[in-house]
Amino acid sequence: MKAQTVSVIIPAYNQGDYLAEAIGSVLTQTYPHFEIVVVDDGSTDNTAEVAQSYSDSRVRYIFQENGGLSAARNTGLRHASGELITFLDSDDLFLPEKLSVLIAEIEKNPEIGL
């Protein structure tokens with residue numbers, strides 16, 4: 001079975017102080033098949049600099065004019081290329097095995113529709 005890619009969408013508005021930790025919590029996942037889509041929702045702080053400081057090709061940065069959280073999440077959905085989607089707020093963290101646990105549960109019970 002081909003590994004499924006998980007798109008982790010991180011909407012961010014003036015979250016430069018927290019964004020690096022959020023991105024880092026995804027980059028250290030035990031499940032390696034993911035992309036990170038950071039959607040900068042019109043930030044005026046250093047959010048862009050933080051998001052663009054990663055050389056890892058799995059981290060993508062998208063800027064949009066401020067439209068609010070829902071608009072940023074929808075932009076992330078439009079740019080996601082993974083078979084699966086999850087959201088991470090820019091001031092939150094994933095535990096290291098979050099994606100592994102989700103993938104294992106989906107593979108064990110595909111009818112649940114996570």
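For the structure, see preceding data.
These numbers come from a predicted model, not from an experiment.

Engineer: Tell me what's going on with unusual backbone geometry, and back it up with residues and numbers.
Structural biologist: Although it is not a glycine, Asn14 sits at a positive phi angle of roughly 50°. Judged by relative accessible area, which is 27%, Asn14 ranks as partly exposed.

Engineer: Any details on the packing of aromatic side chains? Residues and values, ideally.
Structural biologist: Overall, the coordinates contain zero aromatic pairs when judged by the stated rule. Of note, Arg73 hangs over the ring of Phe87, and the distance from its end group to the ring centre comes to 5.3 Å. The ring of Phe94 has Lys98 sitting right over it, with the charged end atom 4.7 Å from the ring centre.

Engineer: Talk me through a nonpolar patch on the surface; I want residue IDs and the actual numbers.
Structural biologist: Where nonpolar side chains cluster on the molecular surface, the patch consists of Leu77, Ile85 and Phe87 and spans about 230 Å² of accessible area. Mapped onto the fold, Ile85 is located in strand β4 (residues 84-87).

Engineer: Give a description of the sheet that holds β4 that names residues and reports values.
Structural biologist: In a beta sheet, neighbouring strands are held together by backbone hydrogen bonds and run either parallel or antiparallel to one another. If you trace the four strands from one edge of the open sheet to the other, you get β3-β2-β1-β4, paired in parallel fashion. Looking along the sheet, the strands with just one partner apiece sit at the ends: β3 (59-64) and β4. Taken pair by pair, the neighbouring strands of this sheet meet at an average axis angle of 25°, ignoring direction. Sheet topology note: the strand β1 (residues 6-12)/β4 ladder contains four bridges and is parallel. Residue Ile9 lies in a different strand from β4, and its bridge partner there is Phe87. Each of β1, β2 (34-41) and β3 touches helix α1 (residues 16-27); the most contacted strand, β2, lies at about 165° to it. The strands touched by helix α4 (residues 98-108) are β1, β2 and β4; relative to β4, the strand with the most contacts, the crossing angle is about 140°.

Engineer: Let's hear about the environment of Ala20: which residues, and what values?
Structural biologist: Structurally, Ala20 can be placed in helix α1. On the basis of relative accessibility, which here comes to 37%, the residue Ala20 falls in the partly exposed class. Counting along the chain gives 18 residues from Ala20 to Val38, while the straight-line C-alpha distance between them is 11 Å.

Engineer: Explain the pairing of β1 to me, using residue names and the numbers behind them.
Structural biologist: The buried fraction of β1 is high, at seven of seven residues. Here β1 shows two buried faces, one formed by Val6, Val8, Ile10 and Ala12 and the other by Ser7, Ile9 and Pro11. Here β1 pairs with β2 via seven bridges, running parallel. By the bridge assignment for β2, Ala12 is matched with Asp40. A crossover connection joins β1 to the parallel β2 through α1; in handedness this β-α-β unit is right-handed.

Rules behind the numbers
- Residues numbered from 1 in each chain as written.
- Predicted model: local features only at pLDDT ≥ 70, side-chain atom pairs only at ≥ 80, totals over all residues.
- Heavy atoms only, no water.
- Buried < 20%, exposed > 50% of the residue type's maximum accessible area, 1.4 Å probe, protein only.
- Phe/Tyr/Trp six-rings, centres within 6.5 Å; stacked < 30°, edge-to-face > 60°.
- Lys NZ or Arg CZ within 6 Å of the ring centre and 35° of its normal.
- Patch = residues over 30% accessible without salt bridge, like charges linked within 9 Å, V, L, I, M, F, W, Y side chains within 5 Å.
- Areas by Shrake-Rupley, 256 points an atom, 1.4 Å probe, with all protein chains shown as cover.
- Salt bridge = Lys/Arg side-chain N within 4 Å of Asp/Glu carboxyl O.
- Helix = DSSP H or I, 4+ residues; strand = E, 2+ residues; numbered from the N terminus.
- Pairing = 2+ DSSP bridges.
- Axes fitted to C-alpha atoms, helices over the stretch in contact; angles between N-to-C directions.
- Contact = heavy atoms within 4.5 Å.
- Right-handed = clockwise from strand over helix to strand, strands pointing away.

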